[in-house]
Amino acid sequence: MAGVELRQLRYFVAVAEELNFGRAAARLLIAGPSLSQQIKALERDLGVRLFDRDRRSVSLTAAGADLLPHTRALLERADDLRGRARRLSGSQPVRLGYVNWLPADLTRRTAAVARVHVDAWVAPSHTQAARVADGSLDLAVCWVRNEDLKRYGLRARLLGADRLYAVARSTDTGEPSAAPAPSAAPAVSVGSVGDTDVLIDDDVTSWASWNEYAEELTRTTGARAVRISDGAVTGPAFFDHVRRCRRPVLNSPKGQTTPLPSDLVRREVVAPKVYWTWSLVRRETEERAGVLAVVDALCDGVDADDLGIHAPDAWLPADDPHALPR
């Protein structure tokens, strides 16, 4: 029992109510395999089987049906305890989620206006935006489109931007094999983004936002879409993919600060310069002074022109909330 976590109990309740792992995973905003593993871990810790499942159906076991009302009651008490603790503390923290980037001086800029709790669950942009909408988070740093803001009832302020670069084999460029640090200027440029490959992953649970961005980039710039199913958008698998390609491969925002292996080099994309924006999103109906003060503390003074996203040679998706009208 010592290993049982509240989130696993919430997962149990969701699966019991949906009787479908796919629907429960979508409701919980997690991947289906992860949900299945967590349920198995819970069953192991409790010492009972909670569900009977085969390829066609999921049903509660007698033990699962017996434990379900007790689990719901336990979760309600946990939520009540959390609320009481917040009231006793005198102020509720502002819950902030993110994908892979936060301002380095976040604590300094927000310390005087609110107690900011950075959520430990690092999740994709579409997941974090949905969590703000459902109240799981107060704010999130993520990539969104105007379509997302309208659908979820959110507002966005510009917080930052990444200029995306490509990665290629050093032998393809004639460059020395020593890779520059991520902050160094790329030694070789790509004349056009149309000369690059852009990876689009079949895993929409993890890569829905990137895929939307990449689809529009390839449609409007002539870059070549390469559809994959091996998680090669970032990490070691990305570098392996670059080694197999003849063309430079556009690096995703999650890979911007990752040091390159010695056999690969950065290549600057210059026609156009490709940008990914980071928005700080909140609910349209948000009225709490602490949340709004954090938004102002982080976003006041952020200038789109300084970030380069409004330059004539910059590219943003047409539906980016920070793009100039076309």
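For the structure, check the block above.
The paragraphs below set out a description of the structure included in this document. Source: prediction; values computed, not measured. (Residues numbered from 1 in each chain as written. Predicted model: local features only at pLDDT ≥ 70, side-chain atom pairs only at ≥ 80, totals over all residues. Heavy atoms only, no water.)

1. A word on helix α6 (residues 125–134)
Here α6 lies mainly inside the structure; 7 of its 10 residues are buried. Considered for burial, the residues of α6 that qualify are Ser125, Thr127, Gln128, Ala129, Ala130, Arg131 and Val132. Its buried side turned inward, α6 meets β3 (94–98), β5 (139–142), α7 (146–152), β6 (154–163), α9 (204–221) and β13 (273–283). Positive backbone phi, at 90 degrees, marks Gly135, one or two positions downstream of α6. (Buried < 20%, exposed > 50% of the residue type's maximum accessible area, 1.4 Å probe, protein only. Helix = DSSP H or I, 4+ residues; strand = E, 2+ residues; numbered from the N terminus. Contact = heavy atoms within 4.5 Å.)

2. Remarks on the side chain of Asp201
Along the chain, Asp201 turns up in strand β9 (residues 197–201). This buried residue, Asp201, is left without a salt bridge; Arg227 holds the nearest opposite charge, at 9.6 Å. Here the side chain of Asp201 touches Asp203 through a polar contact of 2.8 Å, landing on its backbone nitrogen. Here the side chain of Asp201 touches Gly231 through a polar contact of 3.2 Å, landing on its backbone nitrogen. Residues contacting Asp201, with those up to four places away along its chain left out, are Trp207, Asn211, Ile228, Ser229, Asp230, Gly231, Ala232 and Val233. (Lys, Arg positive; Asp, Glu negative; His and termini not counted. Salt bridge = Lys/Arg side-chain N within 4 Å of Asp/Glu carboxyl O. Polar contact = N/O pair within 3.5 Å; in protein donor to acceptor, adjacent residues only side chain to side chain.)

3. Quick notes on the pattern of salt bridges
Applying the stated criterion across every chain yields a total of 31 salt bridges. One salt bridge in this structure joins Arg283 and Asp138, with 3.5 Å as the shortest N-O distance. One end of the pair, Arg283, is in strand β13; the other, Asp138, is in the loop between α6 and β5, and 145 residues separate them in sequence. The burial state of Arg283 is the same as that of Asp138; both residues are buried. For Asp296, the salt bridge goes to Arg157, with nearest N and O atoms at 3.1 Å. On the criterion of sequence distance, the pair formed by Asp296 in helix α11 (residues 289–299) and Arg157 in strand β6 is long-range, its members being 139 residues apart.

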